[in-house]
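In case you want the letters, here they are:
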Amino acid sequence: MNKIFVNQVGFLKDSAKRAVVNFKAPDFKVIDAQGKAVYEGALSHFGTDDISGEDTFIADFSSVTKEGTYKIKAGDTESVSFTIGDKSYDQLKKDICKCFYYLRCGAALDREHAGVYYHEPCHLSKATVYGEDTEPVDVSGGWHDAGDFGRYSTAGAVAVAHLLYGVRFFPNLLDIEFDIPKEKCDKGLFPDILSEVKVELDFLMKMQRENGSVWHKVTTFNHADFIMPEDDKNELFLFNVSSLATGDIAAVFALAYTVYKDYDKAYADTLLDKALKAYQWLNENPDELLFKNAEGSNTGEYGESEDISNRFWAACSLYEATSDDRYYQDAVKLSERLISFDKAAVKKGYQGDVFTCLGWAEVAGLGGFSLILKNADNVLTASIKESFVSEAKRLCSNASKNGFNLCMDKKDFIWGSNMELLKYLMVLTVSNVIATEKEFEDAITSGIDYLLGCNSMDVSYVTGNGEKAFKNPHLRPTAVDDIEEPWPGLVSGGPNVGLHDPKASELPKNLPAMKCYLDDVECYSLNEITIYWNSPLVFVMGGLQ
Ligand SMILES: [Zn+2]
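Because the structure is a prediction, the values reported are computed rather than measured.

Rules used throughout
- Residues numbered from 1 in each chain as written.
- Predicted model: local features only at pLDDT ≥ 70, side-chain atom pairs only at ≥ 80, totals over all residues.
- Heavy atoms only, no water.
- Donors = N, O, S within 2.8 Å, 3.2 Å for Na, K, Ca; no water.
- Tetrahedral: all angles 85-135°; square planar, octahedral: opposite > 155°, others 65-115°.
- Helix = DSSP H or I, 4+ residues; strand = E, 2+ residues; numbered from the N terminus.
- Buried < 20%, exposed > 50% of the residue type's maximum accessible area, 1.4 Å probe, protein only.
- Phe/Tyr/Trp six-rings, centres within 6.5 Å; stacked < 30°, edge-to-face > 60°.
- Lys NZ or Arg CZ within 6 Å of the ring centre and 35° of its normal.
- Pairing = 2+ DSSP bridges.
- Contact = heavy atoms within 4.5 Å.
- 1 Å grid on protein atoms, 1.4 Å probe; cavity = no way out; pocket = protein on both sides within 12 Å on 5 of 7 lines; lining within 4 Å.
- Points joined across faces, edges and corners; volume = space filled by probe spheres on them.
- Nonpolar A, V, L, I, M, F, W, Y, C, P; charged D, E, K, R; others polar.
- Expected span 1.5 Å × (residues − 1).
- Patch = residues over 30% accessible without salt bridge, like charges linked within 9 Å, V, L, I, M, F, W, Y side chains within 5 Å.
- Areas by Shrake-Rupley, 256 points an atom, 1.4 Å probe, with all protein chains shown as cover.
- Salt bridge = Lys/Arg side-chain N within 4 Å of Asp/Glu carboxyl O.
- Core = buried A, V, L, I, M, F, W, Y, C linked by side-chain atoms within 4.5 Å.

1. What to know about the coordination of the zinc ion
Then comes step 1: The protein atoms that coordinate the zinc ion are C105 (SG), C122 (SG), H123 (ND1) and H144 (NE2), at distances spanning 2.0 to 2.3 Å.
Then comes step 2: If you look at the zinc ion, its four donor atoms make angles of 99 to 114° with each other, and the shape they trace is tetrahedral.
Then comes step 3: Read N to C, the donor residues that coordinate the zinc ion are spaced as C-x16-C-H-x20-H. Residue C105 is found in the loop between α1 (90-102) and α2 (111-114), and its partner H123 is found in the loop between α2 and β11 (128-129); the two are separated by 18 residues along the sequence.
Then comes step 4: For C105, a relative accessible area of 4% translates into the label buried.
Then comes step 5: Classification of H123 by relative accessible area gives buried; the value is 7%.

2. Concerning the packing of aromatic side chains
Then comes step 1: In the structure shown here, the tally under the stated rule is 37 aromatic pairs.
Then comes step 2: Relative to F539, the ring of F170 has its centre 5.6 Å away and its plane inclined at 85°; by these criteria the two rings are edge-to-face. Of this pair, F170 sits in the loop between α3 (153-169) and β13 (184-185) while F539 sits in helix α15 (residues 531-542); the two residues are 369 residues apart in sequence, bridging distant segments of the chain. Assigned by exposure class, F170 and F539 land together as buried.
Then comes step 3: An aromatic cluster is present here, built from Y165, F169, F170, F369, F388 and F539 joined pairwise through their rings.
Then comes step 4: Here R326 stacks its cationic end above the ring of Y327, 4.8 Å away from the centre of that ring.
Then comes step 5: Just above the ring of Y319 sits the side chain of K374; from NZ or CZ to the centre is 5.5 Å.

3. Digging into the sheet that holds strand β7 (residues 55-60)
Strand pairing in a sheet relies on backbone hydrogen bonds. The paired strands run either parallel or antiparallel.
Then comes step 1: Read from one edge of the open sheet, four strands run β1-β3-β7-β6, paired in antiparallel fashion. The open sheet has two edge strands, β1 (4-5) and β6 (44-48), and neither has a second partner.
Then comes step 2: Pairing analysis gives two bridges linking β1 to strand β3 (residues 18-21), with the strands arranged antiparallel. Note that in β3 the partner of F5 across the bridge is V20.

4. Description of the environment of Y260
Then comes step 1: Along the chain, Y260 turns up in helix α5 (residues 243-260).
Then comes step 2: By relative accessible area, which is 0% here, Y260 ends up buried.
Then comes step 3: In this structure, the C-alpha to C-alpha distance between Y260 and G156, residues 104 residues apart in sequence, is 18 Å.
Then comes step 4: Not counting the four nearest positions on each side in its chain, Y260 is found in contact with L164, F190, L194, V197, K198, L201, K265, Y267, A268 and L271.

5. Section: the sheet that holds strand β12 (residues 151-152)
Then comes step 1: A sheet is described by the order of its strands in space; here four strands give the open sequence β11-β16-β15-β12, paired in mixed fashion. The open sheet has two free edges, formed respectively by β11 and β12, since each of these has just one partner strand.
Then comes step 2: When β12 meets strand β15 (residues 215-220), the two strands line up antiparallel, connected through two bridges. Bridge pairing links Y152 to K217 in β15.

6. Notes on the layout of surface pockets
Then comes step 1: Space inside the largest pocket adds up to approximately 1,300 Å³.
Then comes step 2: Lining the largest pocket are 48 residues, and of these W360, A361, I414, W415 and E420 lie nearest its centre.
Then comes step 3: For the lining of the largest pocket, the secondary-structure elements that each account for two or more residues are α8 (325-347), α10 (379-399), α11 (417-434) and α15.
Then comes step 4: The biggest single contributor to the lining of the largest pocket is α11, with five residues.
Then comes step 5: Here the residues of the lining of the largest pocket sort into 19 nonpolar, 14 polar and 15 charged.

7. Focus: α5
Then comes step 1: In a regular helix each residue adds 1.5 Å, so 18 residues correspond to 26 Å; α5 covers 25 Å between its end C-alpha atoms and thus fits that length.
Then comes step 2: Among the 18 residues of α5, 18 are classified as buried, and the element is accordingly described as predominantly covered.

8. What about a nonpolar patch on the surface?
Then comes step 1: A cluster of nonpolar side chains, namely I414, W415 and Y524, defines an oily patch on the protein surface of about 260 Å² accessible area.
Then comes step 2: Take Y524: it is sitting in helix α14 (residues 524-527).

9. A few points about the pairing of β6
Then comes step 1: Bridge count between β6 and β7: four bridges; the pairing is antiparallel. Its bridge partner being in β7, T48 is matched across the sheet by D55.
Then comes step 2: Connecting β6 to the next strand, β7, in antiparallel fashion are six residues, including G53 with a positive phi near 75°.

10. Focus on the nonpolar core
Then comes step 1: Grouped together as the largest cluster of nonpolar side chains are 160 residues, with contacts concentrated most on W143, I193, L194, Y260, F312, F369 and L428.
Then comes step 2: No other element matches the 12 residues that α5 contributes to this core.
Then comes step 3: Other than its neighbours up to four places away in sequence, L194 contacts L164, V167, L174, V259, Y260 and Y263.
Then comes step 4: Core analysis: the next-biggest nonpolar cluster, separate from the first, contains 20 residues, F11, A19, V21 and I84 among them.

11. Observations concerning the pattern of salt bridges
Then comes step 1: Counting across every chain of the model gives 22 salt bridges.
Then comes step 2: Between R168 and E320 there is a salt bridge; the shortest N-O distance is 2.8 Å. Separated by 152 residues along the polypeptide, R168 in helix α3 and E320 in helix α7 (residues 308-322) bring together distant segments of the chain.
Then comes step 3: Accessibility expressed as a relative area gives 9% for E320, which makes it buried.
Then comes step 4: Between K182 and D192 there is a salt bridge; the shortest N-O distance is 2.7 Å. Residue K182 is located in the loop between α3 and β13, and its partner D192 is located in helix α4 (residues 192-206); the two are separated by 10 residues in the primary sequence.
Then comes step 5: Exposure remark for K182: the relative accessible area of 47% places this residue in the partly exposed category.
Then comes step 6: Residue classification places D192 among the buried residues on the basis of a relative accessible area of 3%.
Then comes step 7: A network of salt bridges, in which partner residues are shared, links E183, K198 and D202.

What follows is the structure, given as structure tokens:
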């Protein structure tokens, strides 16, 4: 079928602008809202690639910079409409930030701010400490993690980190207003993004034990049925502490200190105290304490194979927050252990540099962000910068191999492939801060284009943003609330060649990687949402100024 794939939201005035056409035509036009051609150009034939399953022709209309709403036309085929202008992403940015508000756990979402998506208070009962005969603990608050109602320390810390490193690198994120209840601070009112992040930080503080260690997660024993959060009344359990969670919490509280100290000194000091307490526990407990689900429990495990990157992130973040050289020395030692670990991983077929990993498991890249922000003249910082720039160059080389200029490889289309993409766009964004390159900027733009509709599924992977945005996330509240449209701004997990759920496995075999997707609520391996799939998009949008 003849199709024109294009970013369905729009383009900034001065950015590169491309659409991908899957049929041969003599030329293409950019037409305005009145149907008048404002630009005509030739299509350039790229050919087929191994990820999209399309014979691709590129329509480059970067020279169109006049603000407006447009479509691409080739032959008799027209694309969906999109905008060009400085404000093209303003609504998207509000939507992707407000998703965290809609995912709040604990107090009710009120009708004033949540509209039809309000819900009653949820998960307020105290949590039983699994395997211990101690008093139940109040760990209410924070954000539901994903399509389920679990709350997980490492996942929460990483989502917060994406948002707060975003604020550190790109203070323009502080200006986004997304209609949430305002919270007071020393300076008057917190910027919205800090107000929302504080909700998760307050919860994460409750996840820390007296001795400094951190419970890995709080969930019911098994996933709830598809019901509203307030109807999930099963017993909550705090499962074991892990050195993974304790490392991440030390890191993210130290990072939060650097941001909140300018708004609320007492709150920031509490965060730093708790970060130091977690770090002290790590020092007193040098052996890794990993995490496995209790037998019979099926909520998210968030297991990791080692805790070196978590400890590394903590050391780097505390170094950045306190300037104490002791933490730098720790970071250097841990970096040596990480390099040995990475070499072993590379031997097993894993490609990549461990120092640019930014996901919920491998977090050394977040430590790298702290060092880049500190920008001290030392060996480790220089080598981290090199890692980022060389990874960015590898990503640009990937992008040159497909018609969508997408920085992904076939092997990246795993469960949550859109997060693989967004992590790559974070690497490119920070590399562009270290050493500005046009090819980095183009790869970032093309990555955003892919996410917002320039892909061979012809779908925008952000709800409510784009004429053909996905509508059926695997997300309990939106699945059962009897409201047709989910709330806007949710990022889908995206194509996954593994097709890991029963509904997905009904898709034809041997589909091209980019087409291993179905917009279906049952497809938890293709169409779930999570806090840490939204957070990297906020970061990347901050860098697009
Ligand atoms: Zn809840």
